[in-house]
Structures are given as structure tokens and as C-alpha cells.
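Single-letter residue listing:
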Amino acid sequence: MTNNIIVAIDETDMVSIKRIIDSLDHNKCLIKVGSVSYNSVGKEAIYFAAERGFDIFLDLKLHDIPNTVKKTILGLSSLPISILTIHTSGGLNMMNAAMDAVAGSNIKVFGVTALTSLSDKDTNIIYQRTSLEHVHAMLDLAEKADIHGVVCSPHEVEIVRKTKKLLSITPGIRLYKSNDDQTRVMTPKEALDLGADYIVVGRPITESDNISAALDQIYESTK
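Residues numbered from 1 in each chain as written. Predicted model: local features only at pLDDT ≥ 70, side-chain atom pairs only at ≥ 80, totals over all residues. Heavy atoms only, no water.

1. Quick word on the overall build of the chain
Reasoning step 1: Counting its secondary structure elements, the chain contains eleven helices and eight strands.
Reasoning step 2: A globule of 223 residues ought to have a C-alpha radius of gyration of about 17 Å, and the chain, at 17 Å, matches this closely.
Reasoning step 3: For the chain, the proportion of its 223 residues judged to be buried stands at 49%.
Reasoning step 4: Considering only contacts in the chain between residues 6 or more positions apart, those separated by 24 or more positions represent 68%.
Reasoning step 5: For the chain, the separation between the mean place of its 23 positive charges and that of its 28 negative charges on side chains is 4 Å. (Helix = DSSP H or I, 4+ residues; strand = E, 2+ residues; numbered from the N terminus. Rg over C-alpha atoms; globule rule 2.2 N^0.38 Å. Buried < 20%, exposed > 50% of the residue type's maximum accessible area, 1.4 Å probe, protein only. Contact = heavy atoms within 4.5 Å. Lys, Arg positive; Asp, Glu negative; His and termini not counted. Charge placed at Lys NZ, Arg CZ, Asp CG, Glu CD.)

Here it is in C-alpha cells:
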């Protein structure tokens, strides 16, 4: 995988999914299939993207007891996917189970540290600590589990780089300030300059009147 732009597709029907994928260039991006599309159309979205030459990031954010996560990943491992996600807050044993499940495959496991929709106020209520403190704790667990990388906001990328071994996927990427449900955001170039390995861009591309041009704009902005 040489691309670092991941386009998030969150559609509930194959007509929309096919329209978006056919407007994208597999030489410029990967495709993220999340729970919205996967729970709506199942594996069809993954196979369609793979047939079009895209590397695929399956973003289901698995979070369950270790044995269940392991069996779930074993069931997913036959799909043409390159990356999948779990929640680091599932704990060390769960992350170890996830790594056992992908052993012998080319699938990379990334752990979600803190959702980019969460503010410090939210994390103080949920985790009794700031988002930054929570990310630090989750990075320690991720390193112990030896997973491939983490999903974090662009504001935590520099911390991930200091681990020297964990890759980073950063959602919350916007070309401009916007009023939506993401609170810890940054532009594509800002995130990549800080050292993000992959950036996730959804609505700025998929809701554009010209999807191909929107991808090109972001692709060129990162050069």
C-alpha cells in the first residue's frame, strides 16, 4: 500500500457505493468500508471495491471478549482487506487475540484510541481523563500487544510517532472548518506533515458534486 489517503464510504445502498467507487482512482486512495455500509450491504461493497483495484480498510471497530474478536477476525480474514480495526480499550488480551487471528495473512490490525468525535469534556466523563491522557494509556497497551498501528486524531499523531513502531490512521480530516460531529480535526497536509501514515477523508469527497475532482484536490494538497 503506497497511498496514504483513505476515502470513507458510509452509504447504505450499492447504487451509491458503486457510484462513489467508480468516481475514485485506486492509484490515489484506499477505500474504507465502515459499519454503516457493511451492515447494510455486507461483503458486496468490499468485493466491488477490490474488483476495481482498491486496497480496503474494513473499519468495524471490534470490541468484545478475546475469543469472540478472534473468531470474528478469522471469519473476516478471507475477505480482500488490507486493514481492520479493533478498540484498544478492549484490553491487552483482546488485542493479542486479534493479532493471533491475522497471523500468516497480510492484514494489519489498527486499534482505535479515542473517537475523534470526543472532546476533552466527553473523555473526562467516560474515562476520567483528557483525550490526550487516554490516548497515551491506549498507546502503551497497543505497544504491548504489538499491533500494527492505531487510529487517533491528527492532534495525537506526534505522540504515535514517538513510539517508533506504531503506524497511524487519522480521521477528522477536513479541507476547511466545518460544523459537523468531528471535534479534533486538521487539514490533510497538516496531518501528513506531522507524520500521519494514513488520513481518512469522507464527506468532503463523497458528498462533493465532483467526487473525482475533490479527491484530486486533496491528493495534490498533500504533495
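2. Section: helix α3 (residues 44–51)
Reasoning step 1: What α3 keeps buried is the set A45, I46, F48 and A49. Looking straight down α3, one finds that the buried residues subtend no more than 165° of arc, so they occupy a single side.
Reasoning step 2: Looking at the buried side of α3, the elements it contacts are α1 (14–21), β2 (30–34), α2 (35–41) and β3 (56–62).
Reasoning step 3: In the stretch just after α3, G53 is the one whose phi turns positive, near 90°. (Arc of directions from axis to C-beta.)

3. Thoughts on the packing of aromatic side chains
Reasoning step 1: Applying the stated criterion across every chain yields a total of one aromatic pair.
Reasoning step 2: Ring geometry for F110 and Y198: centres 6.4 Å apart, planes at 75°, overall edge-to-face. One end of the pair, F110, is in strand β5 (residues 108–112); the other, Y198, is in strand β8 (residues 198–201), and 88 residues separate them in sequence.
Reasoning step 3: Take F110: its relative accessible area is 0%, and that puts it in the buried class. (Phe/Tyr/Trp six-rings, centres within 6.5 Å; stacked < 30°, edge-to-face > 60°.)

4. Observations regarding the nonpolar core
Reasoning step 1: With 60 residues, the main nonpolar core has L24, I73, I86 and I205 as its most contacted residues.
Reasoning step 2: Here I73 is in contact with L62, L84, I86, A98, A101 and V102, once residues within four sequence places are set aside.
Reasoning step 3: I6, I83, V112 and I169 belong to the second largest nonpolar core, which has eleven residues in total. (Core = buried A, V, L, I, M, F, W, Y, C linked by side-chain atoms within 4.5 Å.)

5. Some details on the side chain of T170
Reasoning step 1: Among the structural elements, T170 can be located in strand β7 (residues 167–170).
Reasoning step 2: Given a relative accessible area of 0%, T170 falls into the buried group.
Reasoning step 3: Contact partners of T170, with chain neighbours within four places excluded, come to C152, S153, P154, V157, A191, A196, Y198, I199 and V200.

6. A closer look at the confidence of the model for the chain
Reasoning step 1: Confidence in the prediction of the chain, expressed as mean pLDDT, is 91, and 94% of residues score 70 or more.
Reasoning step 2: For residues 180–184, every residue scores under 50 in pLDDT, and the model assigns this stretch 23 contacts once sequence neighbours within four places are set aside. (pLDDT = per-residue confidence, 0-100.)

7. Structural notes on the pairing of strand β1 (residues 5–9)
Reasoning step 1: Burial analysis of β1 places five of its five residues in the buried class, which makes it a mostly covered element.
Reasoning step 2: Residues I5, V7 and I9 of β1 are buried on one face, and the alternating residues I6 and A8, pointing to the opposite face, are buried as well.
Reasoning step 3: As paired strands, β1 and β8 are joined by three bridges and run parallel to one another. Paired with V7 across the bridge in β8 is V201.
Reasoning step 4: Relative to β2, β1 runs parallel, the two being bridged by four bridges. Residue I6 lies in a different strand from β2, and its bridge partner there is L30. (Pairing = 2+ DSSP bridges.)

8. What about the environment of H136?
Reasoning step 1: Position of H136 among the secondary structure elements: in helix α7 (residues 131–145).
Reasoning step 2: By relative accessible area, which is 39% here, H136 ends up partly exposed.
Reasoning step 3: Put simply, H136 and S16 are 120 residues apart on the chain and 38 Å apart in space, counted from C-alpha to C-alpha.

9. Overview of the side chain of K28
Reasoning step 1: Here K28 shows up in the loop between α1 and β2.
Reasoning step 2: Of note is the side chain of K28, whose polar atom sits 2.7 Å from the side chain of D216. (Polar contact = N/O pair within 3.5 Å; in protein donor to acceptor, adjacent residues only side chain to side chain.)

10. Here we look at the pattern of salt bridges
Reasoning step 1: Evaluation of the coordinates by the stated rule reveals six salt bridges.
Reasoning step 2: We note a salt bridge from D22 to R52, for which the minimum N-O separation is 2.9 Å. Of this pair, D22 sits in the loop between α1 and β2 while R52 is found in the loop between α3 and β3, placing the two residues 30 residues apart along the sequence.
Reasoning step 3: With a shortest N-O distance of 2.7 Å, K61 and D59 are connected by a salt bridge.
Reasoning step 4: Look at D59 and you get buried, because its relative accessible area is 7%.
Reasoning step 5: Counted as one network, the salt bridges with shared partners bring together K32, D59 and K61. (Salt bridge = Lys/Arg side-chain N within 4 Å of Asp/Glu carboxyl O.)

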